[in-house]
Amino acid sequence: MRRAYARIAEADRPEVWIALRPQEEVLAEAAAVDPALPLAGALVAVKDNIDVAGLPTTAGAPSFAYEPAADATAVARLRAAGAVVLGKTNLDQFATGLVGTRSPHGAVRGAVDPERVSGGSSSGSAVAVALGFADLALGTDTAGSGRVPAALQGIVGVKPTRGLVPTTGVVPACRSLDCVTVFARELGLARRAAELLEGPDGVDPLARTGAPLPAPGAAPRVAVPTAEHLEGLADGWAEAFAAAVEVLRAGGAEVVEVDVAPLLEAAQLLYGGAFVAERTLAVGEHVAAHPELVGTDLDPTVAAIVLGGRAFSAVDAFRDQQRLAELGAAGRAALAGTDALLTPTTTWHPTIAQVAADPVGANARMGRFTNFANLLDMASLAVPAGTVAGLPFGVMLTGPAFSDRVLAQLAQRLADPVVELFVVGAHLSGQPLNHELVAAGASPVGPARTSGRYRLFALDTVPPKPGLVRCAEGESGAAVAGEVWRLPASGFGALAAAVPQPMALGAAVLEDGRTVRSFLAEPAATAGAEDITHHGSWPAALAARRERAVAPSAR
């Protein structure tokens, strides 16, 4: 915790925080934490529209501030699990925006490039995690506020199924749509924290539970948008998204293109229709009562959006609800038979200057793939997917209500890419070391053969193993049969760390021209070893050895 406070001081990012607790107070609280608790000592930043006892809640508007009597349910559950709150973070005022610039406390600058926006509305929470101030952060999400800033800061953002985490103690944006979200730098920690937040609290009337959807099989079906709906992405982002799709495909997923037009049309209803009137209900009375504060304490863009809900009638609201139901049915039909939809999380990463020049238009571009999720009662999860031009790029998995764990399992395939490994000896199916592959999470792809430039030797090892060696230029060789297995990179790493001499891991060229990871032998180990290449495979060589062993008695 002392290191965290040192990083906060060194980074000089005051705009991240609205309230930061004194270091000694936090240290004293940490000293009392039971180290056996699941989140013992985890440092948490909390978006300042979520109540923390002892700190004012402002929702980014000092004139709105109040002193909460208790922690929000989400905060209380994290503290009960051993986490310690550092302070309250900056946000797009009243959680209205996806850019992170709509605050009287100043724009929250990006963690990687301070000239660019952080993303919002959970801007300070995302940057606090990205810069290493906090291990976890709480945000909220109505239109994408728990996912867009995660993508732009290169971290994980978990948006649970609506109502799965109670919103007791949260200043509403759109009460019926709001979700408490979790940020972390690592998927496992984010999901662990999110699961600790789940379940009704007896206070929030919209909190609910539901049976988690079954885990996807070995070959999940993942939907992706058609090319027309990926138009307009920032330079290099389409290629980065295609690379993420290939990671899933390489991991055994079936990828299918679907027409997401109904989902994207539904997204337009969030700000372009009567649903915005719920923001008016939430904080419109305060904004309307203080017109003199617009431009100082109250952000002008936010104020216009909040008060704009007064233009809609009950007829408009019911009309939009009916249209949303129609679009939801069409969207579900398009996604039928798939486990999740994979999209870029957002469409671009603007500079602070670009947003200032066009605050509404720049913001609108951010929510193309996020705005529909809460309207259509979907779970969603944003994860990093590399960088483009030195800036983080993120993708998002979205699925039906209560698919939260399904999305996490699919996201793990992106976080832990799959490696294909060619084996020729003791790790083959039915051989004595095959259990090591299985324990590493491997699954069989099928039989395969090398190109014709290899030789196979019987090594003097326990258990007996062959050694595969690629021939030098001009040496004769042959194709050697084996198997290709697919396993997560983490499992491959564990396997590689345990490979004993004289074995090694390298690359082999297969008969079909592919190059894959492979068990090989150090060339020195083959000196004096029996050349068994002519048998074509290790099992065939073993069978020949057994035949030789029984031949004398048979005669």
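Coordinates for the structure precede this section.
Let us look at the structure shown here. Just so it is clear, the structure is predicted and the values come from calculations on it, not from any experiment.

**As for the side chain of Asn363**
Thought 1: Along the chain, Asn363 turns up in helix H13 (residues 359–366).
Thought 2: With relative accessibility at 7%, the residue Asn363 sits in the buried group.
Thought 3: Of the polar contacts made by the side chain of Asn363, one reaches the backbone nitrogen of Leu98; its length is 2.6 Å.
Thought 4: Those residues in contact with Asn363 that lie beyond four places of it in its chain are Gly97, Leu98, Val99, Arg102 and Asp358.

**Quick notes on the nonpolar core**
In globular proteins that are soluble, nonpolar side chains generally tend to be buried together.
Thought 1: Counting 91 residues, the largest nonpolar core has Leu39, Leu136, Leu138, Val182, Leu342, Phe372 and Leu381 as the members making the most contacts within it.
Thought 2: Contact partners of Leu39, with chain neighbours within four places excluded, come to Leu78, Ala81, Gly82, Ala83, Leu136, Leu189, Arg192, Ala193 and Leu196.

**Some remarks on the sheet that holds strand E14 (residues 454–459)**
Thought 1: Here we have three strands laid out as an open sheet, ordered E15-E14-E19, and antiparallel in their pairing. Here the strands that pair on one side only, and so sit at the sheet edges, are strand E15 (465–470) and strand E19 (530–531).
Thought 2: Here two bridges tie E14 to E19, and the two strands are oriented antiparallel to one another. Looking at the pairing, Ala458 lines up with Glu530 of E19.

**Some points on the sheet that holds strand E13 (residues 443–449)**
Thought 1: The strand order E13-E16-E12-E18-E17 describes an open sheet built from five strands, whose pairing is mixed. In the strand order of this sheet, the two ends are held by E13 and strand E17 (503–509), each with one partner. On average, each strand axis in the sheet is inclined to that of its neighbour by 35°, with strand direction left out of account.
Thought 2: Across six bridges, the pairing between E13 and strand E16 (residues 481–488) is antiparallel. Pairing of Pro444 across the sheet is with Trp485, part of E16.

Quick notes on the rules
- Residues numbered from 1 in each chain as written.
- Predicted model: local features only at pLDDT ≥ 70, side-chain atom pairs only at ≥ 80, totals over all residues.
- Heavy atoms only, no water.
- Helix = DSSP H or I, 4+ residues; strand = E, 2+ residues; numbered from the N terminus.
- Buried < 20%, exposed > 50% of the residue type's maximum accessible area, 1.4 Å probe, protein only.
- Polar contact = N/O pair within 3.5 Å; in protein donor to acceptor, adjacent residues only side chain to side chain.
- Contact = heavy atoms within 4.5 Å.
- Core = buried A, V, L, I, M, F, W, Y, C linked by side-chain atoms within 4.5 Å.
- Pairing = 2+ DSSP bridges.
- Axes fitted to C-alpha atoms, helices over the stretch in contact; angles between N-to-C directions.

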